[in-house]
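Each chain is listed here by its residues.
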Amino acid sequence: MPDPLHQLPEGDKHDPLRRMRAFQLACELVSEAWEDAEKLTHHRAMEKVSSQLYAAVGSIAANLSEGYAHSSGRDRARIFEYALGSARESITWFRSAEPVLGANVVAARVAKLDEIRIMLMAIIPRERNRLVRPSKR
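If you're wondering where the values come from, they're calculated on a predicted model, not measured in any experiment.

Moving on to the overall build of the protein chain. The number of helices and strands found in the protein chain is 5 helices and 0 strands. Of the regular secondary structure in the protein chain, the N- to C-terminal order runs α-α-α-α-α. Expressed as a percentage of the 137 residues in the protein chain, the buried residues total 39%. Long-range contacts, defined as pairs at least 24 residues apart, comprise 68% of the intrachain contacts of the protein chain with a sequence gap of at least 6. Of the roughly 8,000 Å² that the protein chain leaves accessible, carbon and sulfur atoms contribute 52%.

Right, here's the structure in full:
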């Protein structure tokens, strides 16, 4: 499977967001979740799980991207909290998809999501009182 980070346009390759490990994992998961969602759509009982799972996983990367763009640490923390919520939601959707995806696939996805969750739980409190842009005095 190709690395989603290497599929970005040339200008995006220099974006400092790409160095953020949580974002890297979220991008990997988007690609993997697409394949998982495709498998789930072939099972009638999993059709809604499929769309919810893919939306939740995509929301992690999207919120990390948005939060990274904010200059206020408080804003960053708030938006990173949304990413944390989406990571937790994604874990739940993957676990509900285990009958179709299998225990090994779900365990691998949840391991990445746990890594993201743990990182965000450390990042969020640090960002809350941080000012990214220096104040003008």
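There's more to say after this.
This part is about the confidence of the model for the protein chain. Mean pLDDT over the protein chain works out to 87, with 85% of the residues at or above the 70 mark. Every residue in residues 1–6 scores below 50 in pLDDT, and together they form 13 contacts with partners more than four places removed in sequence or on other chains.

Looking now at the packing of aromatic side chains. Given two aromatic rings, their pairing is described by the distance between the two centres and the angle made by the two planes. Summed over the entire model, instances satisfying the criterion amount to 1 aromatic pair. Centroid distance Trp34 to Tyr54: 5.2 Å. Interplanar angle 70°. Geometry classified as edge-to-face. You can see Trp34 sitting in helix α1 (residues 21–40) and its partner Tyr54 sitting in helix α2 (residues 47–68), a full 20 residues away along the chain. Taking the relative accessible area as the measure of exposure, Trp34 reaches 46% and is therefore partly exposed. Assessed through its relative accessible area of 29%, Tyr54 is described here as partly exposed. Arg76 extends its terminal NZ or CZ atom over the ring of Tyr68, reaching a point 4.8 Å from the ring centre.

Formed by 34 residues in total, the largest nonpolar core has its most connected members in Met20, Leu64, Phe94, Ile116 and Leu120. In this structure, Met20 is in contact with Leu64, Tyr68, Phe80 and Ile123, ignoring residues within four places of it in sequence.

Moving on: α1. Between the first and last C-alpha of α1 there are 28 Å, a value that for 20 residues agrees with the 28 Å anticipated at 1.5 Å per step. Listing the buried residues of α1 in full gives Ala22, Phe23, Leu25, Ala26, Cys27, Leu29, Glu32, Ala33, Asp36, Ala37 and Leu40. Structurally, α1 contributes buried residues whose contacts are with α2, α3 (73–96), α4 (98–101) and α5 (103–128).

What counts as what
- Residues numbered from 1 in each chain as written.
- Predicted model: local features only at pLDDT ≥ 70, side-chain atom pairs only at ≥ 80, totals over all residues.
- Heavy atoms only, no water.
- Helix = DSSP H or I, 4+ residues; strand = E, 2+ residues; numbered from the N terminus.
- Buried < 20%, exposed > 50% of the residue type's maximum accessible area, 1.4 Å probe, protein only.
- Contact = heavy atoms within 4.5 Å.
- Areas by Shrake-Rupley, 256 points an atom, 1.4 Å probe, with all protein chains shown as cover.
- pLDDT = per-residue confidence, 0-100.
- Phe/Tyr/Trp six-rings, centres within 6.5 Å; stacked < 30°, edge-to-face > 60°.
- Lys NZ or Arg CZ within 6 Å of the ring centre and 35° of its normal.
- Core = buried A, V, L, I, M, F, W, Y, C linked by side-chain atoms within 4.5 Å.
- Expected span 1.5 Å × (residues − 1).

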